[in-house]
Amino acid sequence: MSEMRNIALRLMYVGTAYHGWQVQKNAISVAETLEKALSTVTGHPVKCVGAGRTDAGVHAETYIANFRTTSSIPTDRFPLAVNARLPADIVVVSAREVSEGFNAIGSCLKKEYTYRVYNSRIRNAFYVDRAYFYPKHLDEAVMQDAAERFVGTHDFAAVRAVGTEVKSTVRTVYYFDVKRTGDLIELKVCANGFLYNMVRVMVGTVIYAADGKLTPADIDGILLRGNRTEAGPTVPPGGLYMTKLWYNEPVGLETDPM
């Protein structure tokens, strides 16, 4: 009997065709698709633990998952072997053997998501399901002012989907940066954890501030009162990407090509 190994995979995927990462009873997910490919390669059923529950239609430029296997396949062979059995929109970039205690979600220290807004009067066909088309001009300076109100440790109950059970709605946001390049606005937010739909509601609130529907200063009170109806809308999933993950172990650090 071969010994059990804990393997971490770095992947990227376009989420448009999938109902998020998490295995679902009646919808196709990234995890299920990956597990099927891994099972074929290893010769036994595989269960993957993923770095987070990305929603339906959300993408990942970087994503970490880990699984256990008795297979003796060398780690550097995993990417090509698994990719040969995956659809073109999910790619295993690299694999590494990690410690027994490593867990893609439990060992994750912080995460960065990037939200892309295509801000032009004319939409761009190449950004369909890849960026949120917003035709009214947005002032990125106002967006940055609004975004900074979310930085720090706060109760984020006002910017999460209602009806999701969590022990606490307190999280720490390390940065929330807004940058415009031509017609594309990128909002990068990093935190020690995110509530369900939190990034998409934060972005919706920042857009509302730039659109004059509320002021950046209003956000302080919105967070204090914790009322979801006061915050902005939940922007569409196609503009959202998981872009960076930090771990104690060298598996997902941006300085580490894995």
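Residues numbered from 1 in each chain as written. Predicted model: local features only at pLDDT ≥ 70, side-chain atom pairs only at ≥ 80, totals over all residues. Heavy atoms only, no water.

Chemist: I'd like to hear about helix 3 (residues 140–148), residue by residue, with values.
Modeler: What helix 3 keeps buried is the set Met143, Gln144, Ala146 and Ala147. The buried residues of helix 3 occupy an angular sector of 165° when the element is viewed end-on, so they sit on one face. Looking at the buried residues of helix 3, the elements they touch are strand 8 (170–181), strand 9 (184–191), helix 4 (198–210) and helix 5 (218–225). (Buried < 20%, exposed > 50% of the residue type's maximum accessible area, 1.4 Å probe, protein only. Helix = DSSP H or I, 4+ residues; strand = E, 2+ residues; numbered from the N terminus. Arc of directions from axis to C-beta. Contact = heavy atoms within 4.5 Å.)

Chemist: Which residues make up a nonpolar patch on the surface, and what values go with them?
Modeler: Judged by side-chain polarity, Met12, Val91 and Val93 come together as a nonpolar surface patch covering roughly 210 Å² of accessible area. Positionally, methionine 12 belongs in strand 1 (residues 5–13). Given a relative accessible area of 38%, methionine 12 falls into the partly exposed group. (Patch = residues over 30% accessible without salt bridge, like charges linked within 9 Å, V, L, I, M, F, W, Y side chains within 5 Å. Areas by Shrake-Rupley, 256 points an atom, 1.4 Å probe, with all protein chains shown as cover. Salt bridge = Lys/Arg side-chain N within 4 Å of Asp/Glu carboxyl O.)

Chemist: Tell me about the nonpolar core, and name the residues and values.
Modeler: Ranked by internal contacts, the top residues of the largest apolar core, which has 72 residues, are Trp21, Leu34, Phe176 and Leu187. For this core, the element with the highest residue contribution is helix 4, accounting for 9 residues. Residue contacts for phenylalanine 176: discarding those within four places in its chain leaves Gln144, Ala147, Phe150, Val151, Leu187, Lys188, Val189, Met202, Val203 and Val206. (Core = buried A, V, L, I, M, F, W, Y, C linked by side-chain atoms within 4.5 Å.)

Chemist: Please set out the pattern of salt bridges residue by residue, giving values where relevant.
Modeler: Side chains carrying opposite charge are able to pair once their charged atoms draw close together. This model, assessed by the stated rule, comprises 13 salt bridges. Glutamate 35 serves as the salt-bridge partner of lysine 47, at 3.4 Å between the closest nitrogen and oxygen. A residue pair is termed long-range when its members are at least 10 positions apart, and lysine 47 in the loop between helix 1 (30–42) and strand 2 (49–50) and glutamate 35 in helix 1 qualify at 12 residues. For aspartate 145, the salt bridge identified is with arginine 149, shortest N-O distance 3.4 Å. Arginine 149 gets classed as partly exposed once you look at its relative accessible area, which sits at 25%. When salt bridges with common partners are traced through the structure, they connect Glu61, Arg116 and Glu186 into a single cluster.

Chemist: Summarise the packing of aromatic side chains; cite the residues concerned and give the values.
Modeler: Summed over the entire model, instances satisfying the criterion amount to 8 aromatic pairs. Measuring from centroid to centroid gives 5.1 Å for tyrosine 113 and phenylalanine 194, while their planes differ by 85°, and the two rings are edge-to-face. One end of the pair, tyrosine 113, is in strand 5 (residues 108–118); the other, phenylalanine 194, is in the loop between strand 9 and helix 4, and 81 residues separate them in sequence. Each member of the pair tyrosine 113 and phenylalanine 194 is classed as buried. Every member of this aromatic cluster is reached through a ring pair, and the members are Tyr13, Trp21 and Tyr63. Stacked on the ring of tryptophan 246, the Lys or Arg lysine 110 has its end atom at 4.8 Å from the ring centre. (Phe/Tyr/Trp six-rings, centres within 6.5 Å; stacked < 30°, edge-to-face > 60°. Lys NZ or Arg CZ within 6 Å of the ring centre and 35° of its normal.)

Chemist: Tell me what's going on with unusual backbone geometry, and back it up with residues and numbers.
Modeler: Phi at aspartate 129 is positive, roughly 65°, even though this residue is not glycine. Looking at where aspartate 129 falls in the secondary structure, it is placed in the loop between strand 5 and strand 6 (132–133). The exposure class of aspartate 129 is partly exposed, given its relative accessible area of 42%. Of note in this structure, asparagine 197 is not a glycine but carries a positive phi near 65°. By the element assignment, asparagine 197 lies in the loop between strand 9 and helix 4.

Chemist: Mind laying out the packing of helix 3 against helix 4, listing which residues take part and the relevant values?
Modeler: Contact pair helix 3 / helix 4: the axes reach a minimum separation of 8 Å and the direction vectors enclose 135°. In terms of orientation, helix 3 and helix 4 fall into the oblique class. In the packing of helix 3 onto helix 4, the handedness of the crossing is right-handed. Side by side, helix 3 and helix 4 meet where Val142, Met143, Ala146 and Ala147 of the first sit next to Val206, Ile207, Ala209 and Ala210 of the second. (Axes fitted to C-alpha atoms, helices over the stretch in contact; angles between N-to-C directions. Parallel < 35°, antiparallel > 145°, perpendicular 65-115°, else oblique. Left-handed = near helix turned anticlockwise from the far one by under 90°.)

Chemist: Give me helix 1: which residues, what numbers.
Modeler: Compared with the 18 Å implied by 1.5 Å per residue over 13 residues, the 18 Å span of helix 1 between its first and last C-alpha is a close match. Check the buried side of helix 1 and you find it contacts strand 1, strand 3 (59–69), helix 2 (78–83) and strand 4 (90–98). The opening residue of helix 1, the one whose side-chain oxygen lies 3.2 Å from the backbone nitrogen of glutamate 32, is serine 29. Just beyond helix 1, the residue with positive phi is glycine 43, at close to 80°. (Expected span 1.5 Å × (residues − 1). Polar contact = N/O pair within 3.5 Å; in protein donor to acceptor, adjacent residues only side chain to side chain.)

Chemist: Before we move on, can you summarise the pairing of strand 3 with the specific residues and values?
Modeler: In terms of residue burial, strand 3 counts as a mostly covered element, since 9 of its 11 residues are buried. Pairing geometry for strand 1 and strand 3, over 8 bridges, is antiparallel. From the neighbouring strand, asparagine 6 faces strand 3, where its bridge partner is arginine 68. As paired strands, strand 2 and strand 3 are joined by 2 bridges and run antiparallel to one another. Across the sheet, the residue bridging to glycine 50 is alanine 65, located in strand 3. For strand 3 and strand 10 (residues 240–247), the ladder comprises 2 bridges, and the chain directions are parallel. The partner of histidine 59 across the bridge, within strand 10, is tyrosine 241. (Pairing = 2+ DSSP bridges.)

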